[in-house]
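Fold and contact review
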Protein chains: 2
Amino acid sequence: MPANRQWLLDNRPQGEAEASNFKLVTTQTPALADGQVLVRHHYLSLDPYMRGRMSDAKSYAQPQPLGEVMIGGTVGEVVESRHPKFAAGDKVVGMGGWQEFSVVDANQPGALRKVDTTHVPLSHYLGAVGMPGVTAWYGLVKIIEPKAGDTVTVSAAAGAVGSAYGALAKARGCRVVGIAGGKDKCDYVVKELGFDACIDYKLHKDAGSLSKALKEACPKGIDGHFENVGGMVLDAVLSRMNAHGRIAVCGMIAGYDGQPVPMTYPQLILTNRLKVQGFIVSEHMEVWPEALQELGALVGSGKLRPRESVAQGIEAAPEAFLGLLRGKNFGKQLVKLV
Amino acid sequence: MPANRQWLLDNRPQGEAEASNFKLVTTQTPALADGQVLVRHHYLSLDPYMRGRMSDAKSYAQPQPLGEVMIGGTVGEVVESRHPKFAAGDKVVGMGGWQEFSVVDANQPGALRKVDTTHVPLSHYLGAVGMPGVTAWYGLVKIIEPKAGDTVTVSAAAGAVGSAYGALAKARGCRVVGIAGGKDKCDYVVKELGFDACIDYKLHKDAGSLSKALKEACPKGIDGHFENVGGMVLDAVLSRMNAHGRIAVCGMIAGYDGQPVPMTYPQLILTNRLKVQGFIVSEHMEVWPEALQELGALVGSGKLRPRESVAQGIEAAPEAFLGLLRGKNFGKQLVKLV
């Protein structure tokens, strides 16, 4: 049985998350029981939701237990199988966690899914053709419900969710405007991802200034917005929403460190008759097949070319994760484990 | 032609609305042209939305023009008619404004509606079987969409919207909890309106304290909330919403004086996957017939016995309106003009 390096959650953050919240240990992978599969992880996905799990505040999910392997999506290859539907060499997607190997009970529905890497690189199943892509799809298609000609916006536009959102919205005939941090990301969002415009929020010291930039980029106002960030960005977008606008709330990264970030003008929800709706994609498994089909086609046809930020080796996971929380990644943040 | 006393908006409020914002004038009602109807108003409705119209801030409606008769719903009796569908003596509902008479172009769709006062007193067409009732109906039925057994809440529970909401929610098998100001109102909400409980927000100095009271009154959490107030009440309710809860936002009275009242924990929209939706009932005329039918039946059968606060005489309108903004009314606020 191979040695397996694992990151455990050792203690909960007081304020900002820190590398010392995690602890690296090495164990031996256990022998397989009937129905189990041993997977060697090729990539680990790092995502903002993990910060929420590190706290024990009330949330939609149970907190990550202390002393256990950090939760996380993984893609990899089956090394050994005692389940009839999986064989060594199969490429699979699962929730293997922050470790190099996982032993999966393959009888559990949805625990392990075989994927085809003919047209879609394996790592993309953690991004554009995985949870982040479906997240963008759900928020856009099921909450924002855009019509052709609508103006739609998204924060963290250069990220895994934002890039998929842009391609999905363009395919529906929308004007798509991104919000991202820094000139490089904004250039990428417009030139490579094909957004109509992108606003660098770092050039704006407050919501009022950002709101003016949004007015220029969205001369007809905003009909739909996908919120990955919260705080100042959400305040500014709210001020530019058209009547009957829809806001899909997927992330409030600015509030993860326990500091509440108020919404300054909630009365705009009333005056503009807005719908503001939070969601988590794992509660909507019924849409995954339809969403993954569209996302796979967009990637296969080159209309969606997601960028990846790849950290090397299991040791690098905590620092890469902290960088993600600070917006240092550029595209989908992964850790390569092979 | 009779003399007609009218309240004009004379100047816009700086901060709180004041009696000096209005000006009383007397004019002669003009001779009727073809298609016009002269109505003598029996009751004028006073409603929180009027405060919004007094400002010229961007909103869903045009601001009330200065120097013109204040907007407002009225019920009354036709005095003279040059329209074939109306005759002297007809009881009618319209938007006659803050004045004793109005001349209505009866060809304009929806400008004037005949009503039957056999089972429903005329004044109720401004309340439970009028705009406030339909407002409660729309928020509950179309946004909150409650199931039997759900716990639903409403702020300003003793008011015209709140009382209708309670009857509509009880008819759907919900546990209904009100929030109101003062022991008298709370007693009325429970004993006369039939709510399961009512919380006196004046006993609570902050959202945390109010949240604890909500926990006691709503042991299974809150599935749906109808917001008439905003501010501390909304903050407290948000902290008790169940996953997938729905909040219909109808009023933000606390913010009308131009002071923004922030929402302290918007991240709860995400963590509890809430839908928060603003609406104004006049944009949903398609539901009025269905809603009015149910509301009329509830009043006719005695299941909804709305209370009215009646000020006497057109002179009393501004003070009654300012009292409404400060929560001094008890039930639907009217001005009796005959």
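These numbers were taken from a predicted model, which means no experiment stands behind them.

So, on to the overall build of chain A. When you go through chain A residue by residue, the secondary structure sums to nine helices and 15 strands. By the compact-globule yardstick of 20 Å for 338 residues, chain A fits well, its C-alpha radius of gyration being 20 Å. C-alpha atoms of chain A, sized along the principal axes, occupy 60 × 45 × 35 Å. With 338 residues in all, chain A has 53% of them scored as buried.

Our next topic: the packing of helix H2 (residues 131-144) of chain B against helix H8 (residues 288-300) of chain B. Residue and element names in this part refer to chain B. Viewed as axis vectors pointing N to C, H2 and H8 meet at an angle of 105°, and their least axial separation amounts to 9 Å. Considering their axes alone, H2 and H8 lie roughly perpendicular with respect to each other. From H2, Gly133, Val134, Trp137 and Tyr138 reach across to H8, where they touch Trp288, Ala291, Leu292, Glu294 and Leu295. Split into classes, the residues belonging to the contact of H2 with H8 amount to seven nonpolar, one polar and one charged.

Before going further, it helps to examine the environment of leucine 274 of chain B. Within the secondary structure, leucine 274 of chain B is located in the loop between helix H7 (267-271) and strand E13 (275-278). For the pair leucine 274 of chain B and alanine 106 of chain B, spaced 168 residues apart in sequence, the C-alpha to C-alpha distance is 43 Å.

Attention now moves to the domain arrangement of chain A. Residues and elements named next belong to chain A. Structurally, chain A comprises domain 1 (3-127 + 307-336) and domain 2 (131-282). Centre-to-centre separation of domain 1 and domain 2, based on C-alpha positions: 28 Å. Listed as interface residues are 14 residues of domain 1 and, on the opposing side, 16 residues of domain 2. When its residues are assigned to classes, the side of domain 1 that touches domain 2 shows four nonpolar, six polar and four charged.

Moving on: the interface of chain B and chain A. Every contact between the two is made by 26 residues of chain B and, on the other side, 26 residues of chain A. Sorting the residues of the side of chain B that touches chain A by element identifies strand E12 (241-249), H7 and E13 of chain B as the ones contributing at least two each. Strand direction decides the pairing type here: strand E13 (residues 275-278) of chain A and E13 of chain B, joined by three bridges, are antiparallel. Of the residues in E13 of chain B, the one forming a bridge with lysine 275 of chain A is glutamine 277 of chain B.

All names here are of chain B. By the secondary structure assignment, leucine 168 is in helix H3 (residues 160-171). Take leucine 168: there are 25 C-beta atoms within 10 Å of it, and that puts it in the buried class. Residues leucine 168 and glycine 89, spaced 79 residues apart in sequence, show a C-alpha to C-alpha distance of 32 Å. Once you skip the residues sitting within four places of it in the chain, leucine 168 turns out to touch Ala136, Trp137 and Leu140.

Rules used in this analysis
Residues numbered from 1 in each chain as written. Chains lettered and ligands numbered in written order. Predicted model: local features only at pLDDT ≥ 70, side-chain atom pairs only at ≥ 80, totals over all residues. Helix = DSSP H or I, 4+ residues; strand = E, 2+ residues; numbered from the N terminus. Rg over C-alpha atoms; globule rule 2.2 N^0.38 Å. Buried ≥ 20, exposed ≤ 12 C-beta atoms within 10 Å, placed from the backbone. Axes fitted to C-alpha atoms, helices over the stretch in contact; angles between N-to-C directions. Parallel < 35°, antiparallel > 145°, perpendicular 65-115°, else oblique. Contact = placed C-beta atoms within 7 Å. Nonpolar A, V, L, I, M, F, W, Y, C, P; charged D, E, K, R; others polar. Domains from an automatic or database assignment. Pairing = 2+ DSSP bridges.

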